[in-house]
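Geometric and topological summary
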Amino acid sequence: MNDLKQPSAPPGAHRTASDERGQSSAVEPHSRYHFFRVIQSYLDAAAKLAGTPEHVRSILSEPKAEIIVHFPVRMDSGEYRLFKGYRIQHNNILGPYKGGMRYHEHVSLDDLKALAAVMTWKCALMDLPFGGAKGGIKFNPRDVSRDELSRITRRFFHALGSNIGPDYDIPAPDVGTNAQTMAWALDTYMNTVGMVSKQAVLGVVTGKPVSVGGTHGREKATGQGIVHTIRFWAERNKFDLQGKKLILQGYGNVGSNVAVLLSHLGVSLVGVGDHTGYLVNPEGFNTYRLKQYVEKNGSIAGYPNGSKISREDFFSLQADLFVPAALENQVGPAEAEALQVRLVAEGANGPCSPEGEAVLQRRGIDILPDVLVNAGGVTVSYYEWVQNRRSEQWTLEEVDERLERAMRDGYERMEHFARAHHCDFRLACYGVALERLARAYEAREIFP
Ligand code: NAD
């Protein structure tokens with residue numbers, strides 16, 4: 001197999017998105033970040049608060065399964081490249097494994113283990129009948145053609161085979177993937193594993209286009225959930241959102257929908273960044289136009305109505321709200337010292353390092369944690385899965401109404417735990433989740 005090429009960077013070569021374009025300014029400054037260890041330390045702290053039995057804490061400290069597949073794909077040039085794909089299944093005591101598929105050049109086993117665990121806490125906090133999983137492929141989807149992307153996705157899901165399924169493990173979009181990726185995944189699954197009962201396996205993935213069994217409201221669901229939680233926080237803090245300023249990192253599915261939906265509440269986007277760099281516009285960006293621009297051009301680079309600024313200057317912009325909606329570990333101590341906002345709402349998973357979080361807390365900047373804030377996506381994914389099982393199609397209004405109620409219930413569960421245990425919101429989210437998981441283990445006990 002001499003003609004198989006490895007697409008990933010050599011071990012130890014921590015390339016950044018800007019390196020790929022030959023620029024020198026790093027956009028990911030903390031490359032040796034141990035995300036999984038960070039998640040384990042939150043688990044340990046919350047288990048103490050929640051009085052979680054030691055054997056349950058220990059089960060939850062590692063995933064149940066770590067699946068790695070290698071698969072060849074024919075590229076447009078006629079060459080073959082070997083890809084490495086992962087699916088980490090963290091826990092399924094509450095229901096089928098559930099979580100996104102990430103296509104990114106920095107995908108790693110340890111980060112996916114952390115992200116899969118966060119899915120377990122998220123589903124438990126939101127009272128969904130799902131466990132936690134995460135997966136992906138280590139490559140840059142921007143480097144390949146649409147046809148290549150389709151073949152990579154299809155070979156990946158073919159390689160996963162019956163390791164996924166509508167009652168077993170249900171993938172969804174994440175960074176670098178979208179509704180189209182899920183449509184290819186569904187089609188592959190239906191034509192291989194699920195070929196004898198195609199309709200019965202519609203729910204094998206969520207975040208699909210509405211035309212192939214997706215739900216109304218899924219595309220904006222994560223952004224909508226983030227905006228609901230910001231609203232609940234504002235209500236409690238008597239903070240009028242009208243006329244306030246937002247800075248946002250990441251203008252993909254999550255970030256762009258947050259910006260558009262917050263603009264409906266009178267919040268203006270004054271600073272924005274993505275993998276290509278950062279822009280400022282003190283008058284406020286037209287969030288719709290920027291969304292259309294990014295959909296057409298793949299990034300904010302070259303958008304005419306904004307001036308370029310450095311990453312450092314972006315973090316010190318005067319604003320009221322900051323929503324990180326890109327990748328993990330973006331707010332370390334330096335960024336946390338620089339931020340001039342009242343609230344950080346974690347749209348991305350794990351955007352604040354523990355050191356960054358400590359600085360924000362010391363400076364009196366509130367944090368709404370990922371486990372709750374971005375749970376709107378998996379919540380509406382659950383609605384999609386229920387509709388698939390019942391052969392139903394709910395209206396957008398119905399989905400929106402249910403989502404708002406679900407986010408409010410999650411917020412109240414978090415607040416209640418934080419008050420009862422005198423802890424911050426992140427540990428409260430973990431605590432609520434652990435209580436629910438521990439009840440399930442207590443009733444079922446450990447086999448045999
Ligand atoms: P996406 O691929 O649609 O967008 C990702 C954005 O991040 C893009 O704008 C990209 O340019 C930017 N980005 C990538 N690398 C960057 C870097 N080094 N510096 C600055 N910006 C960078 O992905 P998404 O679905 O919007 O996911 C964003 C975050 O939200 C992730 O942490 C993901 O896990 C989380 N999340 C997504 C969903 C969902 O439903 N899609 C649900 C819950 C949580």
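In the block above lies the structure referred to throughout.
Parameters and conventions
Residues numbered from 1 in each chain as written. Predicted model: local features only at pLDDT ≥ 70, side-chain atom pairs only at ≥ 80, totals over all residues. Heavy atoms only, no water. Helix = DSSP H or I, 4+ residues; strand = E, 2+ residues; numbered from the N terminus. Rg over C-alpha atoms; globule rule 2.2 N^0.38 Å. Buried < 20%, exposed > 50% of the residue type's maximum accessible area, 1.4 Å probe, protein only. Contact = heavy atoms within 4.5 Å. Areas by Shrake-Rupley, 256 points an atom, 1.4 Å probe, with all protein chains shown as cover. Lys, Arg positive; Asp, Glu negative; His and termini not counted. Charge placed at Lys NZ, Arg CZ, Asp CG, Glu CD. Phe/Tyr/Trp six-rings, centres within 6.5 Å; stacked < 30°, edge-to-face > 60°. Near = heavy atom within 4 Å. Polar contact = N/O pair within 3.5 Å; in protein donor to acceptor, adjacent residues only side chain to side chain. Nonpolar A, V, L, I, M, F, W, Y, C, P; charged D, E, K, R; others polar. Core = buried A, V, L, I, M, F, W, Y, C linked by side-chain atoms within 4.5 Å. Axes fitted to C-alpha atoms, helices over the stretch in contact; angles between N-to-C directions. Parallel < 35°, antiparallel > 145°, perpendicular 65-115°, else oblique. Left-handed = near helix turned anticlockwise from the far one by under 90°. Expected span 1.5 Å × (residues − 1). Pairing = 2+ DSSP bridges.

**Quick notes on the overall build of the protein chain**
- Looking only at helices and strands, the protein chain features 16 helices and 13 strands.
- Its C-alpha atoms give the protein chain a radius of gyration of 21 Å, near enough to 22 Å, the size a compact globule of 448 residues would have.
- Taking the principal axes of its C-alpha atoms as reference, the protein chain extends roughly 55 × 55 × 45 Å.
- Across the 448 residues that make up the protein chain, the buried fraction comes to 58%.
- At a minimum sequence separation of 6, the contacts of the protein chain that also span at least 24 residues come to 69%.
- As displayed, the protein chain offers around 18,600 Å² of accessible surface, 49% of which is attributable to carbon and sulfur atoms.
- Positive and negative charge centroids in the protein chain, built from 51 and 52 side chains respectively, lie 2 Å apart.

**Here's the deal with the packing of aromatic side chains**
- If you walk through the whole model with that rule in mind, you get 23 aromatic pairs.
- Between the aromatic rings of F71 and F83, the centroid separation amounts to 6.0 Å while the plane-to-plane angle is 15°, which identifies the pairing as stacked. With a gap of 12 residues between them, F71 in strand β2 (residues 65–74) and F83 in strand β3 (residues 80–91) connect regions that are remote in the sequence. F83 carries the same exposure label as F71, and that label is buried.
- Judged by centre distance (5.7 Å) and plane angle (85°), the rings of F232 and Y411 are edge-to-face. Placement of F232 in helix α7 (residues 221–236) and of Y411 in helix α15 (residues 396–421) is noted, with a sequence separation of 179 residues between them.

**Overview of the site of the ligand**
- In the vicinity of the ligand, 25 residues are found, and the nearest of them are D174, G176, T222, Y251 and H275.
- In this structure, an oxygen atom belonging to the ligand sits 3.0 Å away from a side-chain N or O atom of R102.
- H275 is positioned with one of its side-chain polar atoms (N or O) 2.6 Å from an oxygen atom of the ligand.
- Computed on the free molecule, the ligand has an accessible area of 830 Å², of which 93% lies beneath the protein chains in the complex.
- Tallied by class, the residues present in the shell around the ligand amount to nine nonpolar, 10 polar and six charged.

**Focus on the nonpolar core**
- One finds W121 and L321 to be the most contacted residues of the largest nonpolar core, which totals 94 residues.
- Examining the composition of this core, we find that 11 residues originate from one element, helix α4 (residues 109–125), more than from any other.
- Setting aside residues up to four positions removed in sequence, W121 forms contacts with I39, L43, L60, H90, V371, Y430, A433, L434 and L437.
- Counting residues in hydrophobic clusters, the runner-up holds 27 residues, among them V69, V73, M101 and V205.

**Considerations on the packing of helix α2 (residues 35–50) against helix α16 (residues 425–444)**
- Contact geometry of α2 with α16 gives a least axis separation of 8 Å together with a crossing angle of 65°. Between α2 and α16, the angle is such that the two are roughly perpendicular. Considering only the axes of α2 and α16, their crossing is right-handed. Residues I39, Y42, L43, A45, A46, A47, L49 and A50 of α2 form the contact with α16, whose own contacting residues are R426, L427, Y430, G431, L434 and E435.
- Here the contact of α2 with α16 is composed, by residue class, of 11 nonpolar, one polar and two charged.

**Description of the packing of α4 against α16**
- Two elements in contact, α4 and α16, have axes separated by 8 Å at closest approach and are oriented at 80°. With respect to each other, α4 and α16 are oriented roughly perpendicular. The segment α4 lies against α16, with V118, T120, W121, C123, A124 and L125 engaging C429, Y430, V432, A433, L434, R436 and L437.
- Here the residues of the contact of α4 with α16 sort into 11 nonpolar, one polar and one charged.

**Examining α4**
- Taking 1.5 Å of rise per residue, 17 residues should cover 24 Å, and α4 covers 25 Å from first to last C-alpha, within 8% of that figure.
- Counting buried positions along α4 gives 15 out of 17 residues, so the element sits mostly inside the fold.
- Of the residues flanking the end of α4, it is D127, one or two places downstream, whose phi is positive at about 60°.

**What about the environment of V331?**
- Among the secondary structure elements, V331 is positioned in the loop between β11 (321–324) and α11 (333–338).
- Note on V331: relative accessible area 0%, which makes it buried.
- Sequence-distant contacts of V331, defined by excluding residues within four places in its chain, comprise F315, F322, A336, L339, P351, C352, S353, G356 and L360.

**Some thoughts on the environment of V380**
- If you trace the backbone, V380 turns up in helix α14 (residues 376–390).
- Sequence separation of V380 and G214 is 166 residues, and the distance between their C-alpha atoms is 10 Å.
- Discounting residues that sit within four places of it in the chain, V380 has contacts with T215, H216, G217, R218, A221, V399 and L403.

**Digging into the sheet that holds strand β10 (residues 307–309)**
- With mixed pairing, seven strands are arranged side by side in an open sheet as β10-β9-β8-β7-β11-β12-β13. Two strands lie at the open edges of the sheet, namely β10 and β13 (366–368), each paired on one side alone. Looking at each pair of strands side by side, their axes are set apart by 20° on average, direction ignored.
- By the bridge criterion, four bridges tie strand β7 (residues 245–249) to β11 in an arrangement that is parallel.

**Quick word on the pairing of β3**
- Burial of β3 is extensive: 10 of the 12 residues sit out of reach of the surface.
- Both β2 and β3 contribute to a ladder of 10 bridges, which runs antiparallel. Across the sheet, residue E66 finds its bridge partner in β3, namely I88.
- Relative to strand β5 (residues 132–138), β3 runs antiparallel, the two sharing six bridges. Within β5, the position partnered with G85 by the bridge is I137.

**Concerning α7**
- Over its 16 residues, α7 runs 23 Å from end to end, which matches the ideal 22 Å to within 8%, given 1.5 Å per residue.
- The buried fraction of α7 amounts to 13 of the 16 residues, a majority that puts the element mostly inside the structure.
- One or two residues past the end of α7 sits K238, with phi positive at roughly 45°.

By themselves, these figures tell us nothing about what the structure is for.
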